[in-house]
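Single-letter residue listing:
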Amino acid sequence: MVDMRNLRSISIAASDEKTAWVQAGATLGQLYHTLALKGKTLAFPAGACPDVGGHFTGGGYDMISRKYALAADHVIDAKLINADGKILDRRSIGENLFWAVRGGGGTSFEIVVEFKVSLVTVPERVTIFNVTRTSETATKLVHQWQHIADKADENLLMRKIGLREKSDSSKWSEKDMEIPLPSRKCRVGVQSVWRGVEHFLGIRNSVGKFMIHYAVLWPSHNETDKHNDWMGRLYSFMARYVAKSPRAAYVNYRDLDIGRNNINGNTSYREASVWGLKYYKNNFRRLVRV
């Protein structure tokens, strides 16, 4: 493991102010703050959590990704250190390895110390509004939302979050669950989500797919087993309504339930395929060749 915390310099090109070099240890908050100091119309699609960093190689999406795609799509060069300690860039590593760096995950391809990214121009002023609903009406709202969200103007982001501060996960059962999901006419599963899970569905217009982020928070270490069990049962229940063959996952949301490396030695291609195909689908084979 390499500690990158001190590599957090950010420099915006003085010539056109549409590119920047961002060191791997910089957080999103630091990047956004630096852009804000340069002006009100400079932005970068990378994420919504200010204390996150180093996730460009896994994709990276945020509120403007429907229009401007992912952070990885805006990486145009990189500085890497190889096993011999040499500093390389896009030209010296070649396009295949550079392709892998722009989405292949942050732990597989050399040590990236700095990214060159292209920036985007946004309006000085945007409109933000919230529509608040109770669990009784939220299910119907999501049912309607899922049919229009990927068809709306690309300048409009519709983000759905279900959040409740307290939950009693011990009382969860399948019959309590009720949430409509993409491409389903029936109302399925997850009334408990409104009571205990942050349910985040992000959409990128050009893909038209829904991504779900489940999270459960609890204050006491003594409750860990109970909440992990609740999440495990929710995860199993949702299998019938999400991507299949394989059940996929976003690489920046690491999911150990879909597979992991061999901790007692080298990992074979067959062992890595268990999780690799689920994160990368057919791109996994190309990543292995790289």
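Structure: above.
Residues numbered from 1 in each chain as written. Predicted model: local features only at pLDDT ≥ 70, side-chain atom pairs only at ≥ 80, totals over all residues. Heavy atoms only, no water.

### Re unusual backbone geometry
Most peptide bonds adopt trans geometry, and most residues besides glycine take a negative phi value.
Now for step 1: The backbone of Ala69 shows a phi angle near 70°, a positive value even though the residue is not glycine.
Now for step 2: Mapped onto the elements, Ala69 comes out in the loop between helix H2 (65-68) and strand E4 (75-81).
Now for step 3: Of note in the backbone geometry, Glu110 takes a positive phi value of approximately 60° without being a glycine.
Now for step 4: With respect to the helices, strands and loops of the structure, Glu110 is situated in the loop between helix H4 (95-101) and strand E6 (111-118).
Now for step 5: Given the relative accessible area of 34%, Glu110 is considered partly exposed. (Helix = DSSP H or I, 4+ residues; strand = E, 2+ residues; numbered from the N terminus. Buried < 20%, exposed > 50% of the residue type's maximum accessible area, 1.4 Å probe, protein only.)

### What about the sheet that holds strand E5 (residues 87-88)?
Now for step 1: The strand order across the open sheet formed by five strands is E1-E2-E6-E4-E5, and the pairing between neighbours is antiparallel. Lying at the two open borders of the sheet, with one neighbouring strand each, are strand E1 (10-12) and E5.
Now for step 2: Where strand E2 (residues 19-23) and E6 come together, five bridges link them in antiparallel fashion. Considered in E6, the bridge of Gln23 is made with Glu114.
Now for step 3: Most of the contacts of helix H1 (residues 28-38) go to E1, to which it runs at about 30°, and overall it touches E1 and E2. (Pairing = 2+ DSSP bridges. Contact = heavy atoms within 4.5 Å. Axes fitted to C-alpha atoms, helices over the stretch in contact; angles between N-to-C directions.)

### Things to note about the side chain of Thr224
Now for step 1: Tracing the sequence through the fold places Thr224 in helix H7 (residues 224-237).
Now for step 2: A distance of 2.9 Å separates the side chain of Thr224 from the backbone oxygen of His221, its partner in a polar contact. (Polar contact = N/O pair within 3.5 Å; in protein donor to acceptor, adjacent residues only side chain to side chain.)

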